[in-house]
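Below are the chains, spelled out letter by letter.
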Amino acid sequence: MLGILLALLSGTLMSLQGVFNTEVTKQSSIWVASGFVHLLAFITCVAAWFVTGRESIGALFHVENKYMLLGGVIGAFITFTVIKSMGSLGPAKAVMIIVTAQLLVAYFIELFGLFGVEKVGFDWKKLIGMALAIGGIIIFKWE
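Just so we're clear, the structure is a prediction, and the values are computed from it rather than from any experiment.

Caption draft 1: Main features of the packing of helix α1 (residues 2-27) against helix α2 (residues 30-52). Here α1 crosses α2 at 135 degrees, and the two axes come no closer than 8 Å. Compared by their axis directions, α1 and α2 come out oblique. Two packed elements cross with a definite hand, and for α1 against α2 that hand is right-handed. Contacts from Gln 17, Asn 21, Val 24 and Thr 25 of α1 reach α2 at Ile 30, Ala 33 and Val 37. Looking at side-chain class alone, the contact of α1 with α2 contains four nonpolar, three polar and no charged residues.

Right, dumping it as structure tokens:
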């Protein structure tokens with residue numbers, strides 16, 4: 001149950017962040033807004049680190065697959081693409097497409113066991129669910 005609540009909170013926060021970042025970008029620029037967002041995220045993480053426990057930062061140097069450390073780079077491009085898609089499609093359409101893309105990619109990662117994720121078997125129900133999600137986008141965008 002906690003996982004479901006956290007996922008709902010995550011989706012809510014991601015939608016709010018996208019709208020906020022899009023509005024800040026309109027008044028500044030995409031990279032200024034994105035840089036500021038990530039600076040505030042860094043400050044928040046440092047504060048949380050001080051409050052919650054101070055695990056060793058040196059552990060980062062021992063991460064086996066070094067490419068896994070590129071999450072921050074990916075995060076910068078996520079912020080960029082969310083801002084641009086919300087600016088051109090509006091929040092509802094953009095989030096619907098973003099979430100569907102996340103679902104498709106996450107399922108393929110699980111299906112093929114990529115990046116150290118436990119491999120799962122193919123399931124027709126999941127494929128049908130993906131098709132329904134894509135159908136939902138088509139119906140939602142239909143004018």
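Anyway, onward from the coordinates.
Caption draft 2: Structural detail: unusual backbone geometry. One non-glycine residue with positive phi stands out, namely Arg 54, at about 60 degrees. Along the chain, Arg 54 turns up in the loop between α2 and α3 (71-89). Backbone geometry places Phe 115, a non-glycine residue, at a positive phi of 60 degrees. In this structure, Phe 115 sits in the loop between α4 (91-112) and α5 (124-141).

How each quantity is defined
- Residues numbered from 1 in each chain as written.
- Predicted model: local features only at pLDDT ≥ 70, side-chain atom pairs only at ≥ 80, totals over all residues.
- Heavy atoms only, no water.
- Axes fitted to C-alpha atoms, helices over the stretch in contact; angles between N-to-C directions.
- Helix = DSSP H or I, 4+ residues; strand = E, 2+ residues; numbered from the N terminus.
- Parallel < 35°, antiparallel > 145°, perpendicular 65-115°, else oblique.
- Left-handed = near helix turned anticlockwise from the far one by under 90°.
- Contact = heavy atoms within 4.5 Å.
- Nonpolar A, V, L, I, M, F, W, Y, C, P; charged D, E, K, R; others polar.

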